[in-house]
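One-letter residues, chain by chain:
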Amino acid sequence: MCKKGIYLVCDYPTKDSFFEAVRVCDDFNMDFLEIGFPFSDPVADGSIIESAAFDVLKKENVNNFIESTKEVKKLFRNKLYIMTYANIVFGCGMEKFAAAVGFVDGLIIADLPYIESRRLKNVLNKYGINLIHFVTPESSCADIDKIKKSSNDFIYFVSTRGITGGAFSLDDETRKKVIYTKQNSKNDVIVGFGIQNKDDIKEACRYADGVVIGTQAVKNLKSGDFYSFVRDLV
Amino acid sequence: MKRYFGEYGGQFVPETLMRALSELEEAFLNFKKNMDAKKELEYYQKNYAGRQTPLYYAKNLSSRIGCRVYLKREDLLHTGAHKLNNTLGQILLAKFMGKKRIIAETGAGQHGVATATAAALLGMECVVYMGKKDMERQSPNVERMKLLGAEVVSVEKGSMTLKSAINETLRDWVKNVQTTHYLLGSAVGPHPFPVIVKYFQEVIGKEARKQILKAESRLPDSVVACVGGGSNAIGIFSGFVKDSVDMIGVEAGGESLELGKHSATLTMGRPGILHGALSYLLQDEYGQVADVHSISAGLDYPGVGPEHSYLKDIGRVRYDACFDNEALEAFRLLSRLEGIIPALESSHAVGYVIKHSELFKDKLVLINLSGRGDKDLGIIASLEEKNV
Ligand SMILES: Cc1ncc(COP(=O)(O)O)c(C=O)c1O
């Protein structure tokens, strides 16, 4: 099994081409989509996703993102997640945000580590939304055990120390951590950060259950090559 | 250790940084207990940095505005601002942890200079991130950092000010977390930074309390400090927080209190999450961090340290704003009356007292003069061209 997910910046580069990209992902039966809700200070992102976010923020706010994600839900049959930063959820009000996005499978918050997750998790539970936790090359076995235990959706394995948009590689230590995370895990382990092509996917899926592709998808969507990019992944 | 001040603070960072933060906390706790480390810090504070700094009775300013004003002269500290208290402390902590590479953000350039200085002293590699706009308006400090051997990286994204510089430093840290210490310059960021920065700035309040008791045989009625991220303010406030002394934090009112034209976070903001902590934040109704403005690069920041948010909510410290033009007036007045050219940041604290002199009538007021204004002469010259 090797699940494939695509990350798209909401409404980027335009609403139309964003929805078109969602259709392409559905046509090629991608296993899940992550819709990025832009934030003014995306410290976990490299310059490609950051500048896409800044572009969208010139004309839109979170209400537009929620509306567009409702459309996505109609166009895409598999799992749907929102990826964003803590203040988008907090600044809207956690309850209000959760109530508005109850139709998605889960939330991924780039600056919400496990240790700070309890409050939001309690709110999300009420609306049937899962909170995705991260494992990273810096995580200890004890950390990983806790995260495995409290996850009820996939575990996001961050492939490298770094931000989005780098190159893909799993060093020996990290590979061992992926294997450890997957051992007896009731949930999928999905590798993200730096995945660019079929070779990277193959490499990641030797150890994990799947991958998510972000920066490369955003870049190809912007340049007009999204269809062939996704086609070549499968 | 507690990660929160009331409901404020926490560790809102990518998971990848969590190990580094807990190692930092543990190292800090050991550092505090280590007598050799303590002695080494005291040695540098005294013989290298020039502590203790004087407490000066500003006679001419006092008679002009009708109250008794003392200035805590952090402007006389080596490198010209209180920032060195924190960088000397943290660089020794970094050495204690075996880190060899130091990264830092800077706004006014004072923290960058203080970091570059401490790194030169201990022979460590140093990279400073600075917004492009700040590199232009605080160019003397850019030259100083380079002379001190630091690499200065121009940040040309987002606001191109302190906020973008912190974003970029965090990104560097996530990549290089195994070898690098992030020497954060204000009482902001994820736990344990606000606690660490306060610990190293407390020396201001400790000294000032003793000095004013010696000079006046009493405590001051009010203690006033400017607040950017809040490090100089938390440092001096810590000396008086248990006393019945009125404390005022002065933020940058910029051009006006309309969103986008000021940096008065506690005065005008609401709680939000930026740079690792839950604290007051200037943001729009949708949770996007707002554009901010201040004539002073060191105050031009939409966030504030979490302990200040707590002190505001419990009513222990009052926070208010001083506008650009009021700070400029204070800058000029203090220069003329006392022969002291203050940093534009510190001028906000002075400006607030001048503007509200009736509130302080016949009172004993202690102002933290957090830095000197040499770095700001370019800004003043360009305003003079425009006749401001
Ligand atoms: C002289 C001086 N005072 C004050 C500040 C504001 O920082 P903080 O609020 O952390 O003291 C700065 C920041 O650059 C500064 O250079």
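In this text the structure is predicted, and so the values were computed from the model without any measurement.

K.L.:
What am I meant to see in the overall build of chain B here?
P.N.:
Scanning chain B for helices and strands turns up 15 helices and 14 strands. Computed over its C-alpha atoms, the radius of gyration of chain B comes to 19 Å, within 12% of the 21 Å expected for a compact globule of 388 residues. Split into buried and exposed, the 388 residues of chain B put 64% on the buried side. Restricting the contact set of chain B to residue pairs at least 6 apart, pairs at least 24 apart contribute 74%. Just so you have it, chain B exposes about 13900 Å², and 50% of that area is on carbon and sulfur atoms.

K.L.:
Looking at this model, I keep getting lost on helix α2 (residues 35–49) of chain B. Mind explaining?
P.N.:
One full turn of an α-helix is made of 3.6 residues, so residues set three or four places apart face in the same direction. Residues and elements named next belong to chain B. Spanning 15 residues, α2 covers 20 Å between terminal C-alpha atoms, matching the ideal 21 Å at 1.5 Å per step. Within α2 the residues assigned to the buried category are A37, L41, Y44, Q45 and A49. Taken down its axis, α2 places every buried residue within 100° of arc, on the same side. Every exposed residue of α2 that faces more than 90 degrees away from the buried side is listed here: M35, D36, K39, Y43 and K46. Where α2 is buried, its residues contact α1 (18–33), α4 (83–96), α5 (110–122) and α9 (193–216).

K.L.:
Explain helix α8 (residues 172–182) of chain A to me, please; I cannot follow it from the model alone.
P.N.:
All names here are of chain A. Restricting attention to buried positions, one finds in α8 the residues T174, K177, V178 and T181. For α8, the angular spread of buried residues about the axis comes to 100°, placing them on one side. Exposed and facing more than 90 degrees away from the buried side of α8 are D172 and K176. Just beyond α8, the residue with positive phi is N184, at close to 55°.

K.L.:
It is not clear to me how the packing of helix α1 (residues 15–27) of chain A against helix α11 (residues 226–233) of chain A should be interpreted in this structure. Could you clarify?
P.N.:
To characterise two packed helices, one gives the angle between the axes of the helices and the distance between these axes. Residue and element names in this part refer to chain A. Put simply, α1 and α11 touch, their axes get as near as 10 Å, and they point 20° apart. By the angle between their directions, the pair α1 and α11 is classed as roughly parallel. Handedness of the crossing formed by α1 with α11: right-handed. Touching A21, V24 and C25 of α1 are F226, Y227 and V230, all from α11.

K.L.:
Would you explain the sheet that holds strand β6 (residues 133–135) of chain A in this entry?
P.N.:
Neighbouring strands of a sheet are bound in pairs by backbone hydrogen bonds; such pairs are parallel or else antiparallel. All names here are of chain A. As summarised here, the arrangement of the 9 strands in space is β5-β4-β3-β2-β1-β9-β8-β7-β6, forming an open sheet in which the pairing is parallel. The open sheet has two edge strands with one neighbour each: β5 (130–131) and β6. Helix-sheet contacts for helix α7 (residues 141–150) involve β6 and β7 (155–158), and the interaxial angle to β6 is about 150°. This element, helix α9 (residues 198–205), spans β1 (3–9), β8 (189–192) and β9 (210–213) of the sheet and lies at about 145° to β9.

K.L.:
I keep staring at the packing of aromatic side chains and nothing clicks. Help me out?
P.N.:
The geometry of two aromatic rings is summed up by the distance between their centres and the angle between their planes. Residue and element names in this part refer to chain A. Following the criterion strictly, the structure yields 24 aromatic pairs over all chains and no others. Through a chain of ring-to-ring contacts, three or more aromatic side chains come together here, namely F32, Y81, F134, F154, Y156 and F193. The side chain of K148 reaches across the aromatic face of Y180, ending 4.9 Å from its centre.

K.L.:
Even after reading the chapter, I still don't get the state of the cysteines, so can you show me in this structure?
P.N.:
What makes a disulfide is a covalent bond joining the sulfur atoms belonging to two cysteines. Residues and elements named next belong to chain A. In total, this model carries 1 disulfide over all chains according to the counting rule given. Linked covalently through their sulfurs, C2 and C205 form a disulfide whose S-S length is 2.0 Å. The S-S bond linking C2 to C205 shows a torsion near 70°; that makes this disulfide right-handed. Of this pair, C2 sits in the segment before β1 while C205 is found in helix α9, placing the two residues 203 residues apart along the sequence. We classify C205 as buried; its relative accessible area is 16%. Of all cysteine sulfurs in the structure, the one in C10 sits closest to C25, which takes part in no disulfide; the separation is 13 Å.

K.L.:
When you look at the side chain of D134 of chain B in this model, what are you seeing that I'm missing?
P.N.:
Residue and element names in this part refer to chain B. Within the secondary structure, D134 sits in helix α6 (residues 132–137). The exposure class assigned to D134 is buried, which follows from its relative accessible area of 0%. Within the structure, D134 has its side chain in polar contact with the side chain of R137 (distance 2.9 Å). If sequence neighbours within four positions are ignored, D134 has contacts with T106, G107, M160, T161, L162 and A297.

Reading the values: the criteria
- Residue indices follow the written sequence of each chain, beginning from 1 at its first position.
- Chains and ligands are labelled by the order in which they are written, letters from A for the one and numbers from 1 for the other.
- Selection of residues for local features in this predicted model requires a pLDDT of at least 70, selection of side-chain atom pairs for listing and counting requires 80 or more, and totals for whole chains, interfaces and linings are taken over all residues.
- Hydrogens are left out, water is left out, and the side-chain values use all remaining heavy atoms of the structure.
- A run of H or I in DSSP counts as a helix once it spans at least four residues, and a run of E counts as a strand once it spans at least two, with each numbered from the N terminus.
- Radius of gyration: over C-alpha atoms. The globule rule applied is 2.2 Å multiplied by the number of residues raised to the 0.38 power.
- When a residue's accessible area, from a 1.4 Å probe over protein chains only, is under 20% of the maximum for its type it is buried; when over 50% it is exposed; and in between it is partly exposed.
- Note on definitions: a residue-residue contact is assigned when non-hydrogen atoms from the two residues lie within 4.5 Å.
- Each accessible area is a Shrake-Rupley estimate made with a 1.4 Å probe; only the visible protein chains count as cover when residues are assessed.
- Helix span, as expected, comes to 1.5 Å for every residue beyond the first.
- The arc under discussion is defined with respect to the helix axis, by the directions toward the C-beta atoms.
- Working convention: axes come from line fits to C-alpha atoms, limited for helices to the stretch in contact. Angles between N-to-C directions cover 0 to 180 degrees.
- Throughout this description, any angle smaller than 35 degrees is read as roughly parallel, any larger than 145 degrees as roughly antiparallel, any in the 65 to 115 degree range as roughly perpendicular, and the remainder as oblique.
- Here a crossing is taken to be left-handed if its near helix is turned anticlockwise relative to the far helix by less than a right angle, and right-handed if that turn runs clockwise.
- Only when DSSP finds a minimum of two bridges between them are two strands counted as paired.
- Two rings from Phe, Tyr or Trp (for Trp, the six-membered ring) form a pair when their centres are within 6.5 Å of each other. A pair whose planes differ by under 30 degrees is stacked, one over 60 is edge-to-face, and the rest are tilted.
- Here, over-ring charges are defined by two tests on the NZ atom of lysine or the CZ atom of arginine: distance to the ring centre within 6 Å, and angle to the ring normal within 35 degrees.
- Cysteine sulfur atoms are paired as a disulfide whenever they fall within 2.5 Å.
- Any pair of nitrogen or oxygen atoms within 3.5 Å is treated as a polar contact; in protein, a donor-acceptor pairing is required on top of that, and neighbouring residues in sequence qualify only through side-chain atoms on both sides.

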